[in-house]
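Single-letter residue listing:
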Amino acid sequence: MTRFTYTGNPARILFGAGRSAEVGSAVETLGCRRALVLATQHQKADAEALSERLGALSVGVYAGAVMHTPVEVTETALKIVAETGADCVVSLGGGSTTGLGKAIAYRIDLPQVVIPTTYAGSEVTPILGQTEGGRKTTVRHARILPEVVIYDPDLTLGLPVPMSVTSGLNAMAHAVEGLYAQDRNPISTLMALDGLRAFATSLPVLVRSPQDTEARAEALYGAWLCGTVLGTVGMALHHKICHTLGGSFDAPHAETHAVMLPHTAAFNAEAAQAELAAAAELFGGSIGGGLWDFAKSIGAPLSLKEFGLVEADLDRAADIATENPYWNPRPIDRASIRTLLQKAWEGVRPD
Ligand code: NAD
């Protein structure tokens, strides 16, 4: 690629085991003194421990984050921000918790410290997906981008193996689509390839030894790289299909990415073979079949029917995923997307 435009998002990244202990100084560095700690109900106890660690710098915990960032939840959180006089948020959790912090920041520009505990990558993107009245919409704005991210692999030791696997494949999908993005640049490509390498190395270890601290650190490093790619360059068919299946059929986020990735990669490889060649090498030479074999070897779900999607849904999914034009390396038509969805639904290995 001889011509490119590189625009990086500002980022302050604190990476390393034990670094969540620095959350107080991260808050103070932002000029803040009253942090509201956000989490899901599931991670409430961890959020309370973090709030205690913050001491006088915390105004409390709101553990109401849920998947897909419903606007009603954001409105409740905004009331708590107003009541407590919070001047920043500390989001502890996966993409759902990060999404709530971003939704608050988008509306009232509170600074965010994010401590990710999955590999989704939302913490390094200026993108917010939210739902209102059952419709998921996406906005992109500089206010949405978190100011500080603390990657502490110790906090991911308890991420269950099935979630580690699907969340890792979710992250890898950002990298694969980044490799053929229309606005890719040499830096996004370097990050994408090293992100894929990090997961190709760490996920098989984590499946056998979930407490392996080196592999946990490697996976979280991969999450940062892949998330940064997502936040920097445009995504295509894969993300469009996953957004459709999640938004209109309530398919689970990370699992859907995990199932779709080998199929969308195989589909786009026909038009982006050169761009995907180095990634294909990491998975035995064929990007689609290689990713499918990798996913199978680490126990990932392989078919959409495992999530209760019925075959009849595929027609409507193909309609929605092709109704508005968007850029993709390989031209898209409804019939080929319907065929691709059928293969992913059945769980057959792509070529
Ligand atoms: P999640 O945040 O919904 O987490 C799933 C569950 O796992 C939650 O109950 C959570 O509390 C729990 N959990 C998280 N980390 C854990 C840990 N270490 N140990 C034990 N339990 C843990 O799942 P996700 O896949 O991280 O995020 C999905 C959401 O993020 C979706 O809504 C998706 O749209 C969004 N997302 C947004 C972007 C973006 O750039 N805007 C990027 C990726 C994902």
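These numbers come from a predicted model, not from an experiment.

Criteria and thresholds
Residues numbered from 1 in each chain as written. Predicted model: local features only at pLDDT ≥ 70, side-chain atom pairs only at ≥ 80, totals over all residues. Heavy atoms only, no water. Near = heavy atom within 4 Å. Polar contact = N/O pair within 3.5 Å; in protein donor to acceptor, adjacent residues only side chain to side chain. Helix = DSSP H or I, 4+ residues; strand = E, 2+ residues; numbered from the N terminus. Nonpolar A, V, L, I, M, F, W, Y, C, P; charged D, E, K, R; others polar. Contact = heavy atoms within 4.5 Å. Axes fitted to C-alpha atoms, helices over the stretch in contact; angles between N-to-C directions. Parallel < 35°, antiparallel > 145°, perpendicular 65-115°, else oblique. Left-handed = near helix turned anticlockwise from the far one by under 90°. Disulfide = S-S within 2.5 Å. Pairing = 2+ DSSP bridges. Core = buried A, V, L, I, M, F, W, Y, C linked by side-chain atoms within 4.5 Å. Buried < 20%, exposed > 50% of the residue type's maximum accessible area, 1.4 Å probe, protein only.

### Re the site of the ligand
Move 1: Residues in contact with the ligand amount to 23 residues; listed here are only the nearest, T40, S96, T117, T118 and T125.
Move 2: At 2.5 Å from an oxygen atom of the ligand is found a side-chain nitrogen or oxygen belonging to S96.
Move 3: T117 is positioned with one of its side-chain polar atoms (N or O) 2.7 Å from a nitrogen atom of the ligand.
Move 4: Broken down by element, the shell around the ligand gets its largest block of residues, three residues, from helix 4 (residues 95-108).
Move 5: Grouping the constituent residues of the shell around the ligand by class yields eight nonpolar, 13 polar and two charged.

### So, the environment of G231
Move 1: Mapped onto the elements, G231 comes out in helix 7 (residues 213-232).
Move 2: Between the alpha carbons of G231 and A142 there is a distance of 11 Å; along the sequence they are 89 residues apart.
Move 3: Ignoring sequence-local partners within four residues, the contact set of G231 consists of N9, V124, T125, P126 and R140.

### Some thoughts on the packing of helix 3 (residues 71-84) against helix 4
Move 1: Remark: helix 3 packs on helix 4, axes separated minimally by 10 Å, with the N-to-C direction vectors making an angle of 65 degrees. Comparing the axis directions of helix 3 and helix 4 gives the class roughly perpendicular. Note that helix 3 runs across helix 4; the crossing there is right-handed. Facing helix 3, whose interface residues are V71, V73, T74, A77, L78 and V81, helix 4 presents L100, A103, I104, R107 and I108.
Move 2: Among the residues forming the contact of helix 3 with helix 4, the class breakdown is nine nonpolar, one polar and one charged.

### Describing the state of the cysteines
Move 1: In this structure the tally under the stated criterion is zero disulfides.
Move 2: With no disulfide of its own, C226 has C242 as its nearest cysteine by sulfur position, at a separation of 15 Å.

### Brief notes about the pairing of strand 6 (residues 127-132)
Move 1: Pairing analysis gives six bridges linking strand 6 to strand 7 (residues 135-140), with the strands arranged antiparallel. Directly across from E132, in strand 7, lies its bridge partner R135.
Move 2: Between strand 6 and strand 7, which follow one another and run antiparallel, lie two residues, and G133 among them has a positive phi close to 55 degrees.

### Some points on the nonpolar core
Move 1: Of all hydrophobic cores here, the largest spans 48 residues; its most connected members are Y119, L169, M172 and F199.
Move 2: Of all the secondary-structure elements, those providing two or more residues to this core are strand 8 (148-151), helix 5 (161-179), helix 6 (186-208), helix 7, helix 9 (253-269), helix 10 (273-282) and helix 11 (287-297).
Move 3: No other element matches helix 5, which puts eight residues into this core.
Move 4: Within the second largest apolar cluster, 21 residues are counted, among which are M260, L309, L340 and L341.

### Structural notes on the sheet that holds strand 3 (residues 58-65)
Move 1: Strand order in the open sheet formed by six strands is 1-8-5-4-2-3, and the pairing between neighbours is parallel. Of all strands in the sheet, those bounded by a partner on one side alone are strand 1 (12-15) and strand 3. Neighbour-to-neighbour, the strand axes of this sheet turn through a mean angle of 20 degrees, independent of strand direction.
Move 2: Here strand 2 (residues 35-40) pairs with strand 3 via five bridges, running parallel. The partner of L38 across the bridge, within strand 3, is Y62.
Move 3: Along the sheet, helix 7 contacts strand 1 and strand 8; its crossing angle with strand 1, the most-contacted strand, is approximately 170 degrees.

That is the geometry; function is a separate question.
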